[in-house]
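Structural overview for review
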Amino acid sequence: MEESGIAVANNVAKAILAALDWSSSPDARKAAVSYLESIKAGDVRILANTSFILVKKDWSSEIRLHAFKMLQQLVRLRWDELSPAERRNFTNVAIELMSEIANACDEWALKSQMSALVAEMVRKEGPNLWQDLLPSLVSLSNSGPVQAELVSMILRWLPEDITVHNEDLEGDRRRLLLRGLTQSLPEILPLLYTLLDRHFGAALNEAGRQQLDLAKQHAATVTATLNAINAYAEWAPVPDLARYGIIHGCGFLLSSPDFRLHACEFFKLVSPRKRPADDSASEFDSAMSNIFHILMNVSKDFLLRSSAGSGVIDESEFEFAEYICESMVYLGSSNLQCISGDSIVFSFYLQEMLGYFQHRKLVLHYQGLHFWLALMRDAASKPKNVAHAATDGSVSNLPSGSGQGDNEKQRLLTFLSDDICSCILDISFQRMLKKEKVLPGSKLSVGSLELWSDDFEGKGDFSQYRFKLLELVRFVALIKPLIAASKVSERIIMIIKSILLAAVPAQDLAVMESMQLALENVISTVFDGSKEFDGSLSESQLALCRIFEGLLQQLLSLKWTEPAFVVVLGHYLDAVGPFLKFSPDAVGSVINKLFELLTSLPIVLKDPSTSIARHARLQICSSFIRIAKAADKSLLPHMKEIADTMAHLQKEGRLLRAEHNLLGEAFMVMASAAGIQQQQEVLAWLLEPLSKQWTQPEWQNAYLSDPTGLVRLCSEAQVMWSLFHTVTFFEKALKRSGFRKSNINSEINLTGGSALLHPMASHLSWMIPPLLKLLRAIHSLWSPPVTHLLPGEIKAAMIMSDVERTTLIGEGNPKLSKGALTFANGSQVDVNREGYTESNETDIRNWLKGVRDSGYNVLGLAATVVDSFFKCLDSHSVALALMENIQFMEFRHIRQLVHSILIPLIKCCPPDMWEEWSEKLLQPLLLHTQQALSCSWSSLLHEGRAKVPDLHGILTGSDLKVEVIEEKLLRALTREICSLLSVLASPGLNPGLPSLEQSGHVSRTDTSSLKDLDAFASISMVGFIMKHRGLALPALQITLEAFKWTDGEALPKVCLFCGAVILLAVSTNNIELQQFVSKDLFYAIIQGLALESNAIISAELVGLCREIFVYLSDRNPAPRQILLSLPCISLQDLHAFEEALTKTSSPKEQKLHMKSLLMLATGNNLKALAAQKSVNVITNVSDRAAWSQRQNPKPMKGMLWDWQQLYNGYSVAAFFFFLYRDNCDLNSPAEVIQYYKEIF
């Protein structure tokens, strides 16, 4: 028998080596793996015996490691197959093996696997084994440093593997093990402290005697002990950690360069622990106070040496300081109450955290930033009634209620002195600047501060960091408004003076730019724009106004004419907008300054070098809009002055069309603050000149009557861009006009209570018809008869741009030109184009895109002006323009059409006009998209590639990229069409549908009272759809096919439509609809449950099945027939299911019964319902770096992701492309595919 066991062991050893040998043939490795699996699944006693033979020191490390894993798997998965006596023998052998491993001084990986095996056994056997084992471990730890290291490793793995969630360690067993381990803390924690103390001292002694090998063994034990302590730090009672010396021991080791990082880990884990609510709270506070003092003393030493000069501290110490600071942040964020009662200690703590915040090293400053954000957020949190500022500049009535929390907050504010807040602001202002922005020779030096750089890893990007700084500035401004106003004003004035004195002013421009957002946040905080200004100012507000009046005068006095400087100055004038609301006397000078800046810039268009000036002019015009929003009614007295200046500049040819549009938009913002009448007057003034040109039949006949006309239009750049600016202004007029909630009641009173007429209502009748003709002409370009006749330049312009393709595959946008308007999909249009240069392919593409985008938005916004749109426009002309060439449209254009026009139109269309409007628009759309989506999805699912029309003519780029683009376009259109279906089923469009409970009750009691489908056609959009076969058939076909499409975002929207269709089928006597729901839809839903990509919505799908069966199975036999056709169900199972349904009226319980039946009937083959059990094994590793890796996991090649969850069911091609994008060290997508093929 023994010889037989050795023979099996030899065979297993050979198989292990073959499986691990990558030079072996694939067949040999496959055979070896198959043999090993057969051993693991075979006789459990042979498995145990073989594994114990192979862990002996006679075998190689690879074989021994694999044998240990086999033993762990046996304990984890097959322990119950052993008899009690066999389990005792197994345990005894393992304990003997533990001593052998320790005495043999084996490598660390083997000791780690040994400790993992012991942890598995304790996990299975529970507290009894642990109590028996503990004396042996204590005895073993006294044998020497190597044995003590092994004991520490066992103590480390035990709490980790018991406390983490584990699927095979449930409920009572976990509680028993935790209780047993907790009861052992009085033995475990003193043992750990003893090991720490003994071996740290021994390591120092042996090192002093030059016995380096022994010193290393003791040091390894100290490290293992610290790792074990850290495993208890997260859950062991904090008072116990203090009582048994753990806190003291780890605090002492903070002074040891060799062990301080591991000791830091302990404090990092303990510091965020929450205060218990039981009797141990005072002991907890005492322990935490001790931790505060330990870390504060270490911080004091570091900060003193650091402030003495950068040469005093070795760079390697900054990592240690970062860990200490991080623990200090955790302490302050979670347990500040432990020291807040001691004013001296608390003040000292705040000073140290301020020292970290203002430290020159970015990593330390960054940690300090988190603390001050948390503290200031708590201090600045507003009660229901908050005054902005008291006369002394501090918040006078921050939370002052009777509650303890309010009192603590008031007490906290007393520690936030002016000096602290000033220091925070100074450092925040200096760090607003990015390192790469600082030019050589800049006089505004930031000293030795290490500024944010693109090379700074692991902290997000600069915009996120700057957002945190600005948030901190806002909190300080809320608490100390006068301090914030003074500091920001002083720094900006200092920068301005430095620029004026500089020989090369441009060197300091970046510093000036960096302060604009700071100013904007301070002003918006101290002058809260959400509050109406009643004309009176408090004393503190008057003081604030005086500060900003001085700053504004400095800004207005600047005579900058260089475009870059003008843009910066314009941004600063934007920032003071909220201040102008409280200081209306300053508005006139700001307006004059903006016009002065605008006219100081050149207007010559033919010189490419003036593009920067063109961008600056647009920015200044945009400033009018931003100031109009912020200053509210303060600009109303100046509207005539602005209008006169606009007219004067336009008459002299010094105001371009794009600039006029922006100023006109600003006018509409101003008018919205005055009321409907003012809006109507402004719109009439702005739109009247446009209407005269727009409604002329000459240009429509010349350019829109036939395809050749549009070709001519594309060759006449001035006319082309004039039309573009007209359409975009229509869009802005519709967006900016309307009713303000704050004014609507007064407006109704002025009209005598009658309905308010939208300011744009009178303009739609002349605005929309030419736009429809223009869009119809653009749509016709994609029809084959027209495309065939087009010149090559226009054909090329119709192809998707590089920017759009780059955006779709997620590679980031190329650098956009200044003065370009960027659309949602990444394309751009130069909004300052005036048509003075020849058109080219890029211009034509941008023009087509811009007119389409704005034109679609105009129609969608116009639909919200209900009466004027639906009653004054011809539905036939709208349908002709939008749907005539729908079958030739690209997917991206159809998606945009549905999103921007169809969905708003359907939402706003009155029910009495559904017949005229909805059918004409929805029928061609649904018919085409059903066919197009069906074809593309079939291609994707069966051939691995979606075939979409958008990429015709694109020859460049890898096949993999093209496949990804195609798939993303397909999914985008799918989701938009499904969104349309969900809108059709929305409650607002279906007010006449009864609830399911009401309908179901009627259907099961008296079917004669059911209504005809026609009764719902005028009170329910879904009823209207179902009444018209031309609409119902494609809509229902899309619904059925959507359950087969692997798109987790589209299906939830389809389910909403399905729910309404089911409700309608239950509520009506329409046999055809009932048959569809009971048979086709019921079966399609079950098919959908077979796809794993639908797991996220499986509950909704089961709910739909339950509704169909409960409410329709009595009227139609199809649901029972379909269930009985499933492979693993019997008639008795169905009867039992029906009986269970009759015993409960709870929808939740009925859904559970339906889920159980479906899983039974399909043999658990419905992947969406399959339990997603994670396999959690002992987090053991075979190298010392694993602990750090576990604490800071990073995506690595070789890590098996759940790619369906990550990429929402994208195809394999798309998945591998994303992997290539995220693994830039691989040279090509092909390498990624080959690499992951080997893994899979």
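Parameters at a glance
Residues numbered from 1 in each chain as written. Predicted model: local features only at pLDDT ≥ 70, side-chain atom pairs only at ≥ 80, totals over all residues. Heavy atoms only, no water. Helix = DSSP H or I, 4+ residues; strand = E, 2+ residues; numbered from the N terminus. Buried < 20%, exposed > 50% of the residue type's maximum accessible area, 1.4 Å probe, protein only. Contact = heavy atoms within 4.5 Å. Areas by Shrake-Rupley, 256 points an atom, 1.4 Å probe, with all protein chains shown as cover. Salt bridge = Lys/Arg side-chain N within 4 Å of Asp/Glu carboxyl O. Polar contact = N/O pair within 3.5 Å; in protein donor to acceptor, adjacent residues only side chain to side chain. pLDDT = per-residue confidence, 0-100. Core = buried A, V, L, I, M, F, W, Y, C linked by side-chain atoms within 4.5 Å. Axes fitted to C-alpha atoms, helices over the stretch in contact; angles between N-to-C directions. Parallel < 35°, antiparallel > 145°, perpendicular 65-115°, else oblique. Left-handed = near helix turned anticlockwise from the far one by under 90°. Nonpolar A, V, L, I, M, F, W, Y, C, P; charged D, E, K, R; others polar. Expected span 1.5 Å × (residues − 1).

Comments concerning the overall build of the protein chain
What the protein chain contains, in helices and strands, is 60 helices and 2 strands. Within the span of the protein chain, comprising 1240 residues, buried residues form 55% of the whole. A separation of at least 24 residues holds for 74% of the contacts in the protein chain among residues at least 6 apart in sequence. Of the roughly 53,500 Å² that the protein chain leaves accessible, carbon and sulfur atoms contribute 53%.

Section: the pattern of salt bridges
For the coordinates displayed, the defined rule picks out 44 salt bridges. Between Arg776 and Glu884 there is a salt bridge; the shortest N-O distance is 2.6 Å. Of the two residues, Arg776 sits in helix α38 (residues 764-780) while Glu884 sits in the loop between α44 (875-883) and α45 (891-908), which places them 108 residues apart along the sequence. Overall, the relative accessible area of 33% leaves Arg776 in the partly exposed class.

Some words on the side chain of His758
Within the element layout of this structure, His758 appears in the loop between α37 (741-750) and α38. Given the relative accessible area of 16%, His758 is considered buried. Within the structure, His758 has its side chain in polar contact with the backbone nitrogen of Met760 (distance 3.0 Å).

A few points about unusual backbone geometry
Although it is not a glycine, Gln210 adopts a positive phi angle of roughly 65 degrees. Mapping Gln210 onto the fold places it in the loop between α10 (185-208) and α11 (212-233). Of note in the backbone geometry, Asn1164 takes a positive phi value of approximately 60 degrees without being a glycine. As for its placement among the helices and strands, Asn1164 is situated in the loop between α56 (1147-1161) and α57 (1186-1191).

Looking at the environment of Glu81
For Glu81, the location among the structural elements is in the loop between α4 (61-78) and α5 (84-103). For Glu81, a relative accessible area of 43% corresponds to the partly exposed category. The sequence separation of Glu81 and Arg45 amounts to 36 residues, and the corresponding C-alpha distance is 9.2 Å. Every residue in contact with Glu81, bar those within four places of it in the chain, is listed here: Val44, Arg45 and Glu86.

A word on the confidence of the model for the protein chain
In the predicted model, the protein chain carries a mean pLDDT of 84, and the fraction of residues at 70 or more is 83%. In this model residues 165-169 is a low-confidence stretch, pLDDT under 50, and it forms 15 contacts with partners more than four residues away in sequence or in other chains.

Comments concerning the nonpolar core
One finds Phe90, Trp372, Phe548, Trp847 and Met1026 to be the most contacted residues of the largest nonpolar core, which totals 398 residues. The contacts of Phe90, once residues within four sequence positions are left out, are Ala48, Phe52, Leu71, Leu74, Val75, Trp79, Leu82, Leu117 and Met121.

Digging into the packing of helix α26 (residues 539-556) against helix α29 (residues 587-600)
Helix packing for two helices is described by the angle between their axes and how far apart those axes are. Two elements in contact, α26 and α29, have axes separated by 11 Å at closest approach and are oriented at 25 degrees. When the interaxial angle is binned, α26 and α29 end up roughly parallel. Of the two possible hands of crossing, α26 and α29 adopt the one that is left-handed. For the pair α26 and α29, the contacting residues are Leu552, Leu555 and Leu556 in the first and Ser589, Val590 and Lys593 in the second. Taken together, the residues that form the contact of α26 with α29 break down as 4 nonpolar, 1 polar and 1 charged.

Considering helix α31 (residues 639-651)
Relative to the 18 Å expected for 13 residues at 1.5 Å per residue, α31 spans 18 Å between its end C-alpha atoms, a close match to the ideal helical length. The inward-facing, buried residues of α31 contact α29, α32 (657-674) and α33 (676-694).

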